[in-house]
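# Close look at the chain arrangement
Chain residues, written in single-letter form:
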Amino acid sequence: MKELLSSILVCPNCKKPFSIKEETIWRCGQDGYEVRIHEGKPIFTSMPETAHVYEKVERGPEQGTPWRQANWKFLQNQVSGQDKEALILDVGSGHGDFAQIFANRNYLSVDIVPYPEVDLACDLGEVVPFKENTFDLLVLMNVLEHVYHFHQLLDSLFYLLKPGGSLVIAVPFMIKVHQAPFDFYRYTHYTLQDLAKEHGFEVELLEGYYDPIFFVGEGMRNLKFWVLPKLSRPIRWFARGILIFIEGLINLLKPFIGKGFVKSPDLAKNPAAIGYHLMLRKRVNSVVE
Ligand SMILES: [Zn+2]
């Protein structure tokens, strides 16, 4: 187990450190709470090690869809603005898509699924094995749409964040259903703002990622993969030719339309954000009502 993790992990019931540490089980001396340790990882969920919701994909600043690349840039900016000593928790880290950004940082990763890349498996909406005000930065990259009970999770994240600390979120909007059936929501930026306030956060930054060319491309790919195969053969070939023609026309427009961009939804005045980036702050003198 990472030394950092073993130094801050506590019993979710009484918030005291685990006093009995065996190889495959840790036990709370106060109330007998037990957590299973699998290959050095505390497992607080019932998800089996074999449950892999999605396959590992190589990630990087120039890899994946334009949305993914925009996420990378956004997160890198947020992390590089942090203090050297900042304690960071990547929530719903999966296969460690952004792990490269956290290299040489005080960083832990958690997911409901015990992927090989995570430091611990835990559903923070239900079980919170850390003390209040522990982390300087919490990261929630493309996770919120996959959390059915998102209110509980946001409550836990607020609890875990140090006053003055920040919660960084990326969440898709005009992105198709993915990681099915574990895909539950799309949030408008109005909802995101209300959610932040409702859970005690201040919205320091809210930006949409807009990319009309990518958006059209998604529509074209939808036609290609989900509609064309259902057409009878001569019509299918005809439709394919039309699509190639349209793609050619759109390519001609590219120099004028340009690449994807990040902008405040109020300024962009475009209702079709691919997704949103947020930086929320826990106020230093936040009073829980
Ligand atoms: Zn306890």
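Everything discussed here concerns the structure shown above.
Read on for a plain summary of the structure.

Attention now moves to the pairing of strand E12 (residues 275–282). Within E12, 7 of the 8 residues are buried, which leaves it mostly tucked inside the rest of the structure. Judged from the 8 bridges that link them, strand E10 (residues 201–210) and E12 form a sheet pairing that is antiparallel. Residue Glu202 lies in a different strand from E12, and its bridge partner there is Arg281.

In this section: the pattern of salt bridges. Summed over the entire model, instances satisfying the criterion amount to 12 salt bridges. Put simply, Glu202 and Arg283 hold a salt bridge, and the shortest N to O gap is 2.7 Å. Placement of Glu202 in strand E10 and of Arg283 in the segment after E12 is noted, with a sequence separation of 81 residues between them. Among the salt bridges present, the one from Glu204 reaches Arg281, with a minimum N-O distance of 3.2 Å. With Glu204 in strand E10 and Arg281 in strand E12, this pair connects stretches of sequence that are 77 residues apart. We classify Arg281 as partly exposed; its relative accessible area is 26%. Where salt bridges share partners, they join Glu22, Arg27 and Glu34 into one cluster.

Moving on: the nonpolar core. Of all hydrophobic cores here, the largest spans 50 residues; its most connected members are Leu89, Leu124, Phe130, Phe135, Leu140, Leu167 and Tyr276. When residues of this core are sorted by domain, at least three fall in each of domain 1 (1–43) and domain 2 (49–210 + 267–282). Core analysis: the next-biggest nonpolar cluster, separate from the first, contains 21 residues, Ala70, Phe74, Ala170 and Tyr209 among them.

Scoring rules and cut-offs
- Residues numbered from 1 in each chain as written.
- Predicted model: local features only at pLDDT ≥ 70, side-chain atom pairs only at ≥ 80, totals over all residues.
- Heavy atoms only, no water.
- Buried < 20%, exposed > 50% of the residue type's maximum accessible area, 1.4 Å probe, protein only.
- Helix = DSSP H or I, 4+ residues; strand = E, 2+ residues; numbered from the N terminus.
- Pairing = 2+ DSSP bridges.
- Salt bridge = Lys/Arg side-chain N within 4 Å of Asp/Glu carboxyl O.
- Core = buried A, V, L, I, M, F, W, Y, C linked by side-chain atoms within 4.5 Å.
- Domains from an automatic or database assignment.

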